[in-house]
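# Fold and contact review
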Amino acid sequence: MTPTPYWTDGTVTLYLGDCREVLPGLTEQPVACVADPPYGETIADWDVWPDGWVAAVGDVLPASASLWCFGSARMFLDRAYEFAGWKYGQEALWVKHNGSGPTSRDRLVRVHEWAYQWYRGRWTDLHHEWERERVTANRGTARKPARAAAHQREGRQNAWADDGTRQPRSVAHVIHAPSVRGKGRHPDEKPLAVVSALVRESTPPGALVLDPFAGSGTTLVAARLLGRRAIGIESDERFAEIIVQRLEQATLLDRDAQPAGTTTAVQAALLEEPA
Ligand SMILES: C[S@@+](CC[C@H](N)C(=O)[O-])C[C@H]1O[C@@H](n2cnc3c(N)ncnc32)[C@H](O)[C@@H]1O
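For every chain, the first residue of the written sequence is number 1, and numbering continues from 1 along that sequence. Thresholds applied to this predicted model are a pLDDT of at least 70 for local features of residues and 80 or more for the giving and counting of side-chain atom pairs; totals over whole chains, interfaces and linings are not thresholded and use all residues. Water and hydrogen atoms were dropped before computing side-chain values, which therefore reflect all heavy atoms in the structure.

### Some details on the overall build of the protein chain
In terms of regular secondary structure, the protein chain is built from eight helices and ten strands. Burial classification: accessible surface area is computed with a 1.4 Å probe over protein chains only, and a residue below 20% of its type maximum counts as buried, one above 50% as exposed, and the rest as partly exposed. Taken across its 275 residues, the protein chain has 48% of its residues classed as buried. Should any heavy atoms of two residues lie within 4.5 Å, those residues are counted as being in contact. Contacts in the protein chain between residues far apart in sequence, at least 24 positions, make up 72% of those at least 6 positions apart. Every accessible area reported is derived by Shrake-Rupley at a probe size of 1.4 Å, with residue values counting cover from the shown protein chains alone. Total accessible area computed for the protein chain in this model is approximately 14300 Å², and 52% of it derives from carbon and sulfur atoms. In this text, helices come from DSSP runs of H or I with a minimum length of four residues, and strands from runs of E with a minimum of two, each type numbered from the N-terminal end.

Dropping the structure here:
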């Protein structure tokens, strides 16, 4: 059965419900997924691992697809069987200012979270675009660029050239963003800068991205500001209402900003402080 949107503006659509029930009814196919599932590691009422969600997402994505997934090492090790059929692509490490989890003397305070990119099909067939970061002094040896995805081959240089930018690193760059814990709209809200980088990496402009665990709507806001379309699913109506408020704010911001997809629009959004 086709699900009824909880909210839509034609670019971003939010569904209220369990993603495993909503996903089979979608009529449009997302090209990629950025997911931040409940890790199942705390006693929060929403933090329950939904068995089978990876397969449900896999059923709606194309044969060649990217799936970015936030999680802890414990989560990925315990739930590795859920990712059967997906290949490891790369990982990004988000370093937080404040630790998460219980503070006890027999464990390190965890100040990081992983985002793993899983994929299926051929890596070079998928969209990959990291926004290059500016550096004052590049140090490196000239070398040929690595194999690139088909859409990136045209016009690429044959040798490394210092243009004052570099490929972002897996730990530094936008992955290092302040935690919004305690001041955010969702107890596990991810920074917009981190999520924006993953949306941009895995989807071309105008493409449809899926977030089956929308939370406070970070992926949906990122997609809107990057000129992508998005489908979000959230099972808790308290959070769905927050998402709608946030998207309506993003719409206002978007209207006053540069054309969607420009850095200026994203930077403007990054200035937005959680309420
Ligand atoms: C880790 S949070 C996502 C936070 C989000 N990335 C953000 O930046 O705000 C996971 C969310 O998934 C929701 N959720 C849990 N199980 C779900 C399910 N089966 N289907 C859809 N949403 C679910 C929870 O209510 C929670 O808001």
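### So, the site of the ligand
A molecule or strand has a residue near it when one of that residue's heavy atoms lies within 4 Å. Taken together, 22 residues lie near the ligand, and Asp36, His186, Ser216, Thr218 and Glu234 sit nearest. Glu234 places a polar side-chain atom, nitrogen or oxygen, 2.6 Å from an oxygen atom of the ligand. Here the ligand has 600 Å² of accessible area as a free molecule, and 97% of this is covered by the chains. Grouping the amino acids of the shell around the ligand by side-chain chemistry returns nine nonpolar, six polar and seven charged. By the criterion applied in these results, polar contacts are pairs of N or O atoms within 3.5 Å in which, for protein atoms, one can donate a hydrogen and the other can accept it, and in which residues neighboring in sequence qualify only through two side-chain atoms. Residues are grouped as follows: Ala, Val, Leu, Ile, Met, Phe, Trp, Tyr, Cys and Pro are nonpolar; Asp, Glu, Lys and Arg are charged; every other residue, Gly included, is polar.

### Details of the packing of aromatic side chains
Only centres within 6.5 Å qualify two rings of Phe, Tyr or Trp (six-membered ring in Trp) as a pair; their planes then separate them into stacked at under 30 degrees, edge-to-face at over 60, and tilted for everything else. Counted under the stated rule, the structure contains twelve aromatic pairs. Summarising the aromatic geometry, the rings of Trp53 and Phe83 are spaced 6.3 Å apart at their centres and angled 90° between planes, so their arrangement reads as edge-to-face. One end of the pair, Trp53, is in helix H2 (residues 53–60); the other, Phe83, is in the loop between helix H3 (73–78) and strand S5 (87–100), and 30 residues separate them in sequence. What makes Trp53 buried here is its relative accessible area of 0%. On the basis of relative accessibility, which here comes to 2%, the residue Phe83 falls in the buried class.

### A few points about the nonpolar core
Take the buried Ala, Val, Leu, Ile, Met, Phe, Trp, Tyr and Cys residues and link them wherever side-chain atoms come within 4.5 Å; each set so joined is a nonpolar core. Counting 62 residues, the largest nonpolar core has Leu23, Trp53 and Leu67 as its most contacted members. Sort the elements by how many residues they give to this core and helix H5 (residues 192–202) lands first, with six residues. With residues near it in sequence (within four places) discarded, Leu23 still touches Ala56, Val57, Val60, Leu210 and Ile233.

### Let's talk about the side chain of Asp211
Structurally, the position occupied by Asp211 is in strand S9 (residues 208–211). The charged-residue count follows a simple rule in which Lys and Arg add positive charge and Asp and Glu add negative charge, with His and chain termini not counted at all. We define a salt bridge as a contact between a side-chain nitrogen of Lys or Arg and a carboxyl oxygen of Asp or Glu at a distance within 4 Å. In this structure, Asp211 is buried with no salt-bridge partner, the nearest side chain bearing the opposite charge being Arg246 at 8.8 Å. For Asp211, the side chain forms a polar contact with the side chain of Thr219, separated by 2.8 Å. With residues near it in sequence (within four places) discarded, Asp211 still touches Val34, Ala35, Asp36, Thr219, Leu220, Ile231, Gly232 and Ile233.

### A short note on the pairing of strand S3 (residues 32–35)
On a regular strand, each side chain points to the face opposite its neighbour's, so the side chains alternate between the two faces of the sheet. Residues Ala32 and Val34 point to one face of S3 and Cys33 and Ala35 to the other, with burial holding for every one of them. In this fold, S3 hands off to H2, which returns the chain to strand S4 (residues 65–71); that crossover is right-handed. Pairing between strands is defined by DSSP: at least two bridges between the two strands are required. Inspection of the sheet shows S3 paired to S9 by two bridges, in the parallel sense. Counted as the bridge partner of Cys33 is Leu210 from S9. The handedness rule is simple: strands pointing away from the viewer, and a clockwise path from the first strand over the helix to the second, make the crossover right-handed.

### Things to note about the packing of H5 against helix H6 (residues 218–225)
Comment: axis = line fitted to C-alpha atoms, over the contacting stretch for helices; angle = value between 0 and 180 degrees taken between N-to-C directions. At a closest axis distance of 9 Å, the pairing of H5 and H6 adopts a crossing angle of 60°. In terms of axis orientation, H5 runs oblique to H6. Where H5 crosses over H6, the two elements pack in a sense that is right-handed. Contact with H5, carried on its side by Leu192, Val195, Ser196 and Val199, involves Thr218, Thr219, Val221, Ala222, Ala223 and Leu225 of H6 and no other residues of that element. Class assignment of the residues belonging to the contact of H5 with H6 gives a composition of seven nonpolar, three polar and no charged. Roughly parallel covers angles under 35 degrees, roughly antiparallel covers those over 145, roughly perpendicular covers 65 to 115, and oblique covers all other angles. Handedness of a crossing is defined here by the sense of rotation of the near helix relative to the far one, left-handed for an anticlockwise turn of less than a right angle and right-handed for a clockwise turn.

### Considering the pattern of salt bridges
Counting across every chain of the model gives 15 salt bridges. Among the ionic pairs, Arg200 bridges to Glu129, the shortest N-O distance being 3.1 Å. Of this pair, Arg200 sits in helix H5 while Glu129 sits in the loop between strand S6 (110–120) and strand S7 (133–134), and the two are 71 residues apart along the sequence. Its relative accessible area of 15% is what places Arg200 among the buried residues.

### What to know about the pairing of S4
A large share of S4 lies buried, amounting to seven of its seven residues. A two-sided burial pattern is seen for S4, the buried positions comprising Ala65, Leu67, Cys69 and Gly71 on one face and Ser66, Trp68 and Phe70 on the other. Inspection of the sheet shows S3 paired to S4 by four bridges, in the parallel sense. For Val34, the partnering residue across the bridge sits in S4 and is Trp68. Judged from the seven bridges that link them, S4 and S6 form a sheet pairing that is antiparallel. Bridge pairing in S6 places Gly71 opposite Trp114.

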